[in-house]
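# Architecture at a glance
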Amino acid sequence: MPNIELPVVVIGAGPQGLAAAAHLVERDQAVLVLEAGASAAAAVSEWGHVRLFSEWSELVDAAAARMLEPTGWGAPTTGYPTGAQWISGYLAPLAAALGDRIRYESRVVGVSRRGRDRLVDAGRAEQPFTVHVASADGTEHRVDARAVIDASGTWSTPNPAGADGLPALGERAVADLLDYRIPDYRARTKYEGSHSVVVGSGHSAVTAVIALGRIARRDPSTKVTWVLRRGAVGNTFGGGAADELPARGQLGMRAEEFVDAGLIDLVTGFRVEKIDRDGERIVLTSEDGRTLAPADHVAVLTGFRPDLSFLSELRLELDATLQAPVRIAAEVDPNLHSCGSVAATGARDLAQPEPDFYLVGAKSYGRAPTFLAMTGYEQVRSVVAELAGDHEAAARVELQLPDTGVCGGAGLFDSTGTAIGASCCALPDRQLIQIGRPIASV
Ligand SMILES: Cc1cc2nc3c(=O)[nH]c(=O)nc-3n(C[C@H](O)[C@H](O)[C@H](O)COP(=O)(O)OP(=O)(O)OC[C@H]3O[C@@H](n4cnc5c(N)ncnc54)[C@H](O)[C@@H]3O)c2cc1C
């Protein structure tokens, strides 16, 4: 392998970047982690108040645990941590153990091959990667790398409220009044007696709705509106008791209880078209002209998308829908998978036309919302094995992912919420469609 003396650069010191670094250290590979934030797990720290639906055992990478054990660290064993506890109980000690292999306040702003833009073939594979880094003090520098693992997540690029994936009319002008991440609803008094709107249908939206439902139960003058783009509730409440991650299943069940109890107004088929300001309040209007009552707080929890801007000079093969590596997209595409029978993915699935460049972690799922930490730990184990030349370990699958239990009658829905199939993960039956006039009438 050319440039073998250069480090593998890992972008991002989140759960996945740190795990990748631990695997690299274990395999005696030089590694440099570049992290935009001032400390490790900067994205997780922004949702530190949220309790995870995964247990501790599913949140600790095996190589990281092996690295931490000699330091006297004790693996937390039971219970469901908050994001803050995930950091204090595991991610921060892991970052400390990795020491100066992590460079903080170092935002990656570009990745390319040294001296070769995307167009140039000649000698491309022999050139090291050049990673362009902007430091917090405004200076820029470059780092050469023999391989790059992009574990920068999707947290920095939330989706807008606009139903077409672009900001709704007026959304940019009121963006400072909107929350694009789960608010900390523990500051109850801020929300009591006011009107909160939650836009979105994923786990973050469900988590927000539950927190607001609790506030509304204590203070009935609190109004909560939950806006779904889809025309039918469909699988919004998740797999319930059939979810193999019980805490994830309970999220949907609790949200459903609050809706059934009348503490939350569920509005379906509401595609946000326009957002207006009414003094300090926000008014949402849908494509079909419906307008919600003015809101004091609006949380836009419509998911995230990968930031591909700094990868423009690399040759990537990404799925046109999900913006994820094509070989994993079919596995994780929510249009095809109404249930959670997602297979583990590794180096082979993540490989790109640009050799030795890998997207891992939350970013590897592109716009799909179903990423789990354990998925990523399996990815980085396999990718690092591949980079270390251990192809057998890279090809091995060491993980079976839990099913979400969104199966059976709920079936498949198209983007309008219309049922298009009845059984879990089964594509709708093929139907003969007629082109031109029926033969009988010719
Ligand atoms: C609210 C919430 C709850 C979740 N709950 C669960 C759960 O219960 N169970 C589960 O398995 N998963 C859960 N997830 C999903 C997933 O496990 C986490 O999102 C996880 O943090 C993803 O890890 P990551 O390392 O891929 O990305 P991130 O945690 O987003 O880390 C990316 C890191 O890269 C840094 N970075 C970004 N851009 C750059 C750049 N250009 N240059 C340098 N650094 C950069 C960021 O600062 C950050 O530190 C949850 C996610 C969210 C948002």
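Criteria and thresholds
Residues numbered from 1 in each chain as written. Predicted model: local features only at pLDDT ≥ 70, side-chain atom pairs only at ≥ 80, totals over all residues. Heavy atoms only, no water. Core = buried A, V, L, I, M, F, W, Y, C linked by side-chain atoms within 4.5 Å. Buried < 20%, exposed > 50% of the residue type's maximum accessible area, 1.4 Å probe, protein only. Contact = heavy atoms within 4.5 Å. Helix = DSSP H or I, 4+ residues; strand = E, 2+ residues; numbered from the N terminus. Pairing = 2+ DSSP bridges. Near = heavy atom within 4 Å. Polar contact = N/O pair within 3.5 Å; in protein donor to acceptor, adjacent residues only side chain to side chain. Areas by Shrake-Rupley, 256 points an atom, 1.4 Å probe, with all protein chains shown as cover. Nonpolar A, V, L, I, M, F, W, Y, C, P; charged D, E, K, R; others polar. Axes fitted to C-alpha atoms, helices over the stretch in contact; angles between N-to-C directions. 1 Å grid on protein atoms, 1.4 Å probe; cavity = no way out; pocket = protein on both sides within 12 Å on 5 of 7 lines; lining within 4 Å. Points joined across faces, edges and corners; volume = space filled by probe spheres on them. Domains from an automatic or database assignment. Parallel < 35°, antiparallel > 145°, perpendicular 65-115°, else oblique. Left-handed = near helix turned anticlockwise from the far one by under 90°.

For the rest of this paragraph, the subject is the nonpolar core. The biggest cluster of nonpolar side chains holds 88 residues, and the ones touching the most others in it are Leu 18, Trp 86, Tyr 90, Leu 94, Ile 149, Val 198 and Trp 226. Beyond its immediate stretch of four places on either side in the chain, Trp 86 contacts Pro 15, Val 44, Trp 47, Leu 52, Trp 56, Leu 59, Pro 81, Leu 91, Ala 373 and Tyr 377.

Here the focus is the pairing of strand S5 (residues 129–135). Among the seven residues that make up S5, five are buried, leaving the element largely enclosed by the rest of the structure. Across seven bridges, the pairing between strand S4 (residues 106–113) and S5 is antiparallel. Residue pairing across strands places Val 108 opposite Val 133, the latter belonging to S5. Across six bridges, the pairing between S5 and strand S6 (residues 140–145) is antiparallel.

Here the focus is the site of the ligand. Taken together, the neighbourhood of the ligand is formed by 28 residues, with Glu 35, Phe 53, Ser 54, Ala 362 and Ala 373 sitting nearest. Between an oxygen atom of the ligand and a side-chain N or O atom of Glu 35, the distance comes to 2.7 Å. The backbone of Phe 53 places a nitrogen or oxygen atom 2.7 Å from an oxygen atom of the ligand. About the coverage of the ligand: the protein hides 91% of its 980 Å² of free accessible area. Here the residues of the shell around the ligand sort into 18 nonpolar, eight polar and two charged.

Spatial strand order, S3-S2-S1-S7-S15: five strands in an open sheet with parallel pairing. A strand with exactly one partner marks an edge of an open sheet, and here the two such strands are strand S3 (102–103) and strand S15 (357–359). Note that strand S1 (residues 8–11) and strand S2 (residues 31–34) share four bridges and pair parallel. Note that in S2 the partner of Ile 11 across the bridge is Leu 34. Along the sheet, helix H11 (residues 373–387) makes contact with S1, strand S7 (147–150) and S15, crossing S7 at roughly 175 degrees.

Turning to the sheet that holds strand S8 (residues 178–179), a few remarks are in order. Each strand in a sheet pairs with another by means of backbone hydrogen bonds, the pair being arranged parallel or else antiparallel. Taking strand neighbours across the sheet as the criterion, the five strands line up as S8-S14-S9-S10-S11 in an open arrangement whose pairing is parallel. Two strands close off the open sheet at either side, each with one partner strand: S8 and strand S11 (265–267). Here strand S9 (residues 195–199) runs beside strand S10 (residues 223–227); their pairing, made up of five bridges, is parallel. For Val 198, the partnering residue across the bridge sits in S10 and is Trp 226.

Here we come to the layout of surface pockets. The computed volume of the second largest pocket comes to approximately 600 Å³. For the second largest pocket, the lining is made up of 24 residues, of which His 49, Val 50, Arg 51, Thr 207 and Arg 214 are closest to its centre. Elements with a contribution of two residues or more to the lining of the second largest pocket: helix H7 (203–218) and helix H8 (246–260). At five residues, H7 tops the list of elements feeding residues into the lining of the second largest pocket. The class makeup of the residues in the lining of the second largest pocket is 13 nonpolar, five polar and six charged. In this structure, the lining of the second largest pocket is formed jointly by two domains, domain 1 (8–156 + 304–395) and domain 2 (172–302 + 426–441), each of which donates at least three residues.

Turning to the side chain of His 297, a few remarks are in order. Inspection of the secondary structure puts His 297 in strand S14 (residues 297–300). Judged by its relative accessible area of 15%, His 297 is buried. Within the local environment of His 297, its side chain forms a polar contact with the backbone oxygen of Lys 190, the two atoms lying 3.0 Å apart. Those residues in contact with His 297 that lie beyond four places of it in its chain are Lys 190, Tyr 191, Ser 194, His 195, Ser 196 and Val 197.

The topology assignment puts Trp 86 in helix H4 (residues 83–98). Separated by 71 residues in sequence, Trp 86 and Pro 15 have C-alpha atoms that sit 9.2 Å apart.

Here we take up the packing of helix H1 (residues 15–26) against H4. At a closest axis distance of 10 Å, the pairing of H1 and H4 adopts a crossing angle of 40 degrees. For the element pair H1 / H4, the angle class is oblique. Seen from above, H1 lies across H4 with left-handed handedness. Seen from H1, the contacting residues are Pro 15, Leu 18, Ala 19, Ala 21, Ala 22 and Val 25; seen from H4, they are Trp 86, Leu 91, Leu 94, Ala 95 and Leu 98. Class assignment for the residues of the contact of H1 with H4 results in eleven nonpolar, no polar and no charged.

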